[in-house]
Every structure is written in C-alpha cells, then in structure tokens.
Amino acid sequence: MDLGVRWKLHGDGRTPAPGAVVRPDERLSWPRTAGLGAQHVVAMFGASFVAPVLMGLDPNLAIMMSGVATVVFLLATRGRVPSYLGCSLSFVGVAAVIRADGGSSATVTGAVLVVGAALFLAGLAVRRFGARIIHAAMPPIVTGAVVMLIGFNLAPVTASTYWPQDQWTALLVMLFTGLAVVCLRGFWSRIAIFLGLVFGYGISWAFDRVFGRIHSADPSGKVTDHWRLDFSAVGQADWIGLPSFHGPSFEWSAILVALPVVIALIAENAGHVKAVGEMTGDDLDDRLGTAISADGVGSMLSTAVGGPPTTTYSENIGVMAATRVYSTAAYWAAACFALLFGLCPKFGAVVAAIPGGVLGGITVILYGMIGLLGAQIWINAKVDLRNPLNLVPAAAGIIIGVGNVSLEITDTFSLSGIALGTLVVITGYHALRAFAPAHLRTQEPLLDEGTSSYDEDAPRARP
C-alpha cells in the first residue's frame, strides 16, 4: 500500500531550477528538508499556541498533538495533499461560551470531540456523494454567515477579559500586529501574529521595569497589583516531560454550542484542498472527502487526550507559495519537530506566561479576521445580498450569534449565540427557499439597487 512516504530527489537536492517546483512526491536533501520543516513549524506557531491558551488548554499538548494529527492527515491522503494540521481557532468562541456556563476543560474537549466525529462523517459523505453535497446543504450564503457569526461572537471575550488587563499594552500590540500584517512581505507577513506576540512580551517586560506593577484584573478576573509578565513558572518547569493529559466529558448543552463549527471546518478544508490543487497543478477533488475525514480523526485524537481540535493551516500554504516547495517530506519533518516541542514543559510555561494585555491586542485583530472570512466567502462566491432569500436568514442569524440571543426551550435547556444563530441561518435559508417563488431563487437582485451599491454608469447628481 502506497502511504506517500517515498520521495524522489528533486534535481541535485539543493536548489530548484528557476521557475521549477518541488512536487509533493519529491524532496530536497534531508538537511534542507529539515530546514523547510522548521520553517513550517514557525509559520504555524503563532496561531497554534495562541489557540490553546485562549481555550484554557495545555499549549504543550496542543503542539504535540498537532504533529500527531499532521502525520495522520499525510498518511490518510497518501502524501498527495501537503498540509499542516495546527490548532483550530474556530473553537475559541465555543470554549469561551462553554466555560462561561461553568464547563471545565473536559467539557470543552468532549464537545469538540463530537464535532471531530461529525467532521469525519461529513468527509465520508463527501467521498460517497461528491462535493455537491456540501454545496447543496451549505451554500456560500450559509457558510459565510456561520463563519462570520462565529468570529464576531468572540468580541466580548476580548472586550471583557483580555483588553482590560492592560489596555495600553493591548493598544500597542494591536497597532504593531496590524502594521506587521499589512507592511511585511512574504514569509514574515505569514508569521505576523507570532511577531506581535514577541513584541508584546518585550513591551510588557519594559513596562514592568519602567512603571512597576499594574493595578488591573489578572487572568482569573480578580483586580489586584501584579506584574504584566510573570516568568516564575518557567524557572520551575522541567526541560523534558510529558504534557498534562485528561479525558473528555460529554454534555449536550456544550455539544450543541460546538456543533455549528463543523460548517466552518468543512469550508476551511475545502478551501485548503482547492488552493493546494491550484498551486501544485493536481486535481485533488477526489481527495476532498478524505482530507475532511482525516481532519476529523486528527481532532478526535487530540481532544480524546485533552488537546484542542485541529484544522488545515493557511499559514503553511503561504510558506509553500513563497518557497515553491510542496514536498510532503517537509511536513513530516515539521510534525517531528512539533512532537519534540510538546515534550518540553519549559516551552509550555513560556507560552502560558503570555500577558493578558498582549492577548487583548492580538485577539482584536484575530477575531475580526475570523469573522471577516465569512464576508470573503460571500465575495468569492458572488453572493447577492440584495436578494431577500439570502439577506433575511443571514441577517437574523448573525445578529443572534453576535448578540448572544437566547431561546429558552425548557427550564433546563436553551439555545443561544453560535448554536441558535447557526440553526436560524441553515433552517431559515432552506425553509425560505422551499416556499419562495421561483423568481427569488434565481439569485437576481430583488431590492432597490440604490440601497446596496453604486452604479458607476448612472448619472451623478449635481451639487
């Protein structure tokens, strides 16, 4: 059985010829392949250790399980889809909602494990019926709205938890990270979040030296005098050791909050496979279902031992685009590096010491970018929001999700926020489409042109 673990040497193994690409089944020399693997690790670092910190999970375990999930993905896709499976940020809002309702880390990972299982089954369905099943059940108007409400639902987390811990540090980190994202080029722009974190560490350390302790809320929410940057736990941590494991706990209320994220994960995987196929020139449509299922398995393995869920990483697509090296051997090297980092508790202690103000500045941009990915889905698919069939369910669902509107079903069961918003978007769209007249289903503009766009050809009003 071909597992995609054999690679032909590309050229002399040193430098690809001008304009040449290193294909997934090729590799450079092993030292250069290891270097590329390290580059992929750096690219995924920023988001991969921010995600578990924001979810309240062990960053060491997160990094280690991202390596395991990547190995599973590469084996499942037979080495045809070069990809790194890092920690998914799509679940940050879910974790915040579950914890706000009294849920523990076990409750969070249990809910996400169920989402991983749903993603696995969705991948099997795609393999059986083709990609058309995704478009039929979740057209772009639905996926875009769900991704948008998931991202914007996170706004209160930044506003009430991270930003108040150190507002000036948060402001400076936000400005620096924004400049890094916009002004840097190539590989450096891909690790802008990581650079923002490093800048935040430096600013926090400098403020502690210059201004002393800050009087604000600490990570537990208690207002007290404390250092912005506290490395006391780093000195006590071992250099080598296993991360902390724990089993999942399953609660229906938490599961219902988490399930809508499966839509975002399907969209992420589909977009990733399409992007990789365009870069490599390979038709990977037959691997879409396998890729989705493999991501689901990776998430289940990670959450089963207490880690966060995983997903395919666009950061690593950027590395491939910059280097034109698509060798899956580099991803095997990256997975091995991640496993080694996961066995270093001191590394995890450094990550856990990220000041709250730094996270405040990072999450202002990060959460907004997650939400606006939904708008990008609409733009790419040319979704017409002048059509009430698209506009009404999306508008209602987004407001419910962002505003955390609740619907009390019984005294002990309710739907709110992400779960209720997603339900309204999906059921609302398909129900309205079933009853809508034929002319509404043509996707032609139905509302007044002037209410949603400008007609450049129309005569301009005179002053």
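As annotated in an unreviewed UniProt entry, the chain is Uracil-xanthine permease family protein from Streptomyces flavalbus. Recorded in UniProt for the chain, the comment headed Sequence similarities (unreviewed entry) runs: "Belongs to the nucleobase:cation symporter-2 (NCS2) (TC 2.A.40) family." UniProt, in its Subcellular location (unreviewed entry) section for the chain, records the words "Membrane".

## Looking at helix H16 (residues 328–342)
The end-to-end C-alpha distance of H16 is 21 Å, a good match for the 21 Å that 15 residues give at a rise of 1.5 Å each. Sitting at the amino-terminal end of H16 is Ser327, which places a side-chain oxygen 3.1 Å from the backbone nitrogen of Ala329.

## What about unusual backbone geometry?
One non-glycine residue, Arg78, lies in positive phi territory at about 55 degrees. Residue class for Arg78 comes out partly exposed when judged on its relative accessible area of 29%. The residue Lys382 is not glycine, and still its phi comes out positive at about 55 degrees. Looking at where Lys382 falls in the secondary structure, it is placed in the loop between helix H18 (356–380) and helix H19 (388–403).

## Considerations on the side chain of Thr311
Mapping Thr311 onto the fold places it in strand E6 (residues 310–312). Relative accessible area serves as the criterion here: at 3%, Thr311 is assigned to the buried category. Excluding anything up to four places from it in sequence, Thr311 contacts Tyr84, Leu85, Gly86, Ser88, Leu265, Glu268, Asn269 and Asp295.

## Observations regarding the pattern of salt bridges
If you walk through the whole model with that rule in mind, you get four salt bridges. When the shortest N-O distance is used, the salt bridge between Lys8 and Asp25 registers 3.9 Å. Taken as a pair, Lys8 in strand E1 (residues 8–9) and Asp25 in the loop between E1 and strand E2 (26–27) lie far apart in primary sequence, 17 residues in all. In this structure Lys8 comes out as exposed when scored by relative accessible area, which is 52%.

Analysis parameters
- Residues numbered from 1 in each chain as written.
- Predicted model: local features only at pLDDT ≥ 70, side-chain atom pairs only at ≥ 80, totals over all residues.
- Heavy atoms only, no water.
- UniProt positions renumbered as here; feature names shortened; annotations may be inferred.
- Helix = DSSP H or I, 4+ residues; strand = E, 2+ residues; numbered from the N terminus.
- Expected span 1.5 Å × (residues − 1).
- Polar contact = N/O pair within 3.5 Å; in protein donor to acceptor, adjacent residues only side chain to side chain.
- Buried < 20%, exposed > 50% of the residue type's maximum accessible area, 1.4 Å probe, protein only.
- Contact = heavy atoms within 4.5 Å.
- Salt bridge = Lys/Arg side-chain N within 4 Å of Asp/Glu carboxyl O.

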